[in-house]
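Working through the structure, step by step
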Amino acid sequence: MRTLPVALAFLCAATLSACGSTADGADAADVTETPAVAASPADAMWGRTFLSTSVTGSTIPGGGPLEVAFPERDHIAMSAGCNRGVSSVDLAGGTVKTGPIATTMMACPGDSAGADKWMTSLFEAQPAWTLAEDILTLSSADVTVTLADKKTAEPDRPVIGTTWVVESLMTPDAVVTSTALEATAPSLTIGQDGQATGSTGCNRFSGPVRVGDSTITFGKLATTRVACPDDVADVERAVLHVLDGEVTYTVDGPVMKLTRPDGTGLQLRGT
């Protein structure tokens, strides 16, 4: 009977898979390997935004461009020059299958009023998609859209040295424009010398400015004293209200937004 422990020890030494342990102390019988998950072609889409560079077939009302973003896995956002739509998305099988598309409800002028219907019709058709490096192609029976990665097509403009033209005024509740704003085109340039110069749409201005990582601080701006028509004077007051003190800024390609703590701001486009 005394030879039994020795025999068991010899048996374990000969069959480690049954009696042994792994280096980290786990029983060998409990160790399993997780199979590698093959990468999906769609993985290259998540986190990227694309802008249309050409459209064959049914063209975008108002000229677009079509912007298609995949902000995170299984989500899509899009705009064709009017309202912005968002939805879930399934890219399996080489087609774009969205869920119901929810859009903003802004009224859009001129031909761009038809851009939303064009956009939703494209995605309701479940277009085929292909991605070759930075070029995304969407194809349905009626239209083929070629899009380029936004970082390549429209890199961020530098805050300093770019001439920025005011496109719209921001309130806490809306983004608005007007005939007076479009006609007068207020502008802003921040120089390497720490000076801000530009136009309110009626008067010229200049003054000190400091640019940080996410904020711009405007000092006291000196302006000329030309009398402005009432509608232009309203634009001037709105512009000077924003260009006063510290504002938060963001740059997305050619567009910069300046936002005050009270929610008012300017949307500008670099030229």
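Look a little higher up for the structure.
Residue numbering note: each chain is counted from 1, following its sequence as written. Side-chain atom pairs in this predicted model are given and counted only at pLDDT of 80 or more, local residue features only at pLDDT of at least 70, and totals for whole chains, interfaces and linings cover all residues. With hydrogens and water set aside, each side-chain value is computed from the structure's full complement of heavy atoms.

Notes on the pairing of strand E3 (residues 75-79)
Most of E3 is tucked away: 4 of the 5 residues are buried. Across 3 bridges, the pairing between strand E2 (residues 67-70) and E3 is antiparallel. Residue Ala69 lies in a different strand from E3, and its bridge partner there is Ala77. Hairpin remark: E2 followed by E3, antiparallel, with 4 residues in the connecting loop; positive phi at Asp74, about 70°. The pairing of E3 with strand E4 (residues 84-90) spans 5 bridges and is classified as antiparallel. Whether a residue is buried, partly exposed or exposed follows from its accessible area with a 1.4 Å probe, protein chains only, as a fraction of its type maximum: under 20%, in between, or over 50%, in that order. Comment: elements are numbered from the N terminus, with helices defined as DSSP H or I runs of at least four residues and strands as E runs of at least two. DSSP bridges decide pairing: two strands pair if at least two such bridges lie between them.

Observations regarding unusual backbone geometry
A cis amide bond links Gly64 to the next residue, Pro65, at an omega of 5°. On the secondary structure map, Pro65 appears in the loop between strand E1 (48-57) and E2. The backbone phi angle of Gln126 is positive, close to 50°, even though this residue is not glycine. Tracing the backbone through its elements, the reader meets Gln126 in the loop between helix H3 (115-124) and strand E7 (128-132). At Ala185, a position not held by glycine, the phi torsion is positive, near 50°. Here Ala185 is to be found in the loop between helix H5 (179-184) and strand E12 (187-190).

With respect to the layout of surface pockets
Volume-wise, the largest pocket comes out at about 1,300 Å³. Forming the boundary of the largest pocket are 34 residues, of which Ser79, Gly81, Cys82, Gln267 and Arg269 lie nearest the centre. Of all elements in the fold, only strand E10 (163-170), strand E11 (175-176), strand E17 (245-252), strand E18 (255-259) and strand E19 (265-270) reach the threshold of two or more residues within the lining of the largest pocket. Polar here means any residue outside two lists: the nonpolar Ala, Val, Leu, Ile, Met, Phe, Trp, Tyr, Cys and Pro, and the charged Asp, Glu, Lys and Arg; Gly therefore counts as polar. Counted by class, the lining of the largest pocket contains 14 nonpolar, 11 polar and 9 charged residues. One number sums up the size of the second largest pocket: a volume of about 220 Å³. Here a cavity denotes grid points, spaced 1 Å and computed from the protein atoms alone, that fit a 1.4 Å probe unable to get out, and a pocket denotes an open set having protein on both sides within 12 Å along at least 5 of 7 lines; residues with an atom within 4 Å of a point are the lining. Lining the second largest pocket we find Gly47, Arg48, Thr49, Glu67, Asp149, Lys150, Lys151, Glu154, Asp156, Asp252 and Gly253. Counting residues per element, the ones that place at least two in the lining of the second largest pocket are E1 and helix H4 (150-153). Grid points are joined across faces, edges and corners, and a volume is the space filled by probe spheres set on the points.

Some points on the packing of aromatic side chains
Whether two aromatic rings pair depends on their centres lying within 6.5 Å, for rings of Phe, Tyr and Trp, where Trp uses its six-membered ring; planes under 30 degrees apart make the pair stacked, over 60 edge-to-face, and the rest tilted. Considering all chains together, one arrives at 2 aromatic pairs under this definition. Their ring planes at 75° and their centres at 6.1 Å tell us that Trp46 and Phe70 sit as a pair that is edge-to-face. Taken together, the positions of Trp46 in the loop between helix H2 (16-19) and E1 and Phe70 in strand E2 put the pair 24 residues apart, joining distant regions of the chain. Phe70 shares its class with Trp46; the two are buried. Between the aromatic rings of Phe50 and Phe70, the centroid separation amounts to 6.4 Å while the plane-to-plane angle is 75°, which identifies the pairing as edge-to-face. Within this pair, whereas Phe50 is found in strand E1, its partner Phe70 is found in strand E2, the two being separated by 20 residues in sequence. Among the aromatic residues, those joined into a cluster by ring pairs are Trp46, Phe50 and Phe70.

By themselves these figures say nothing about function.
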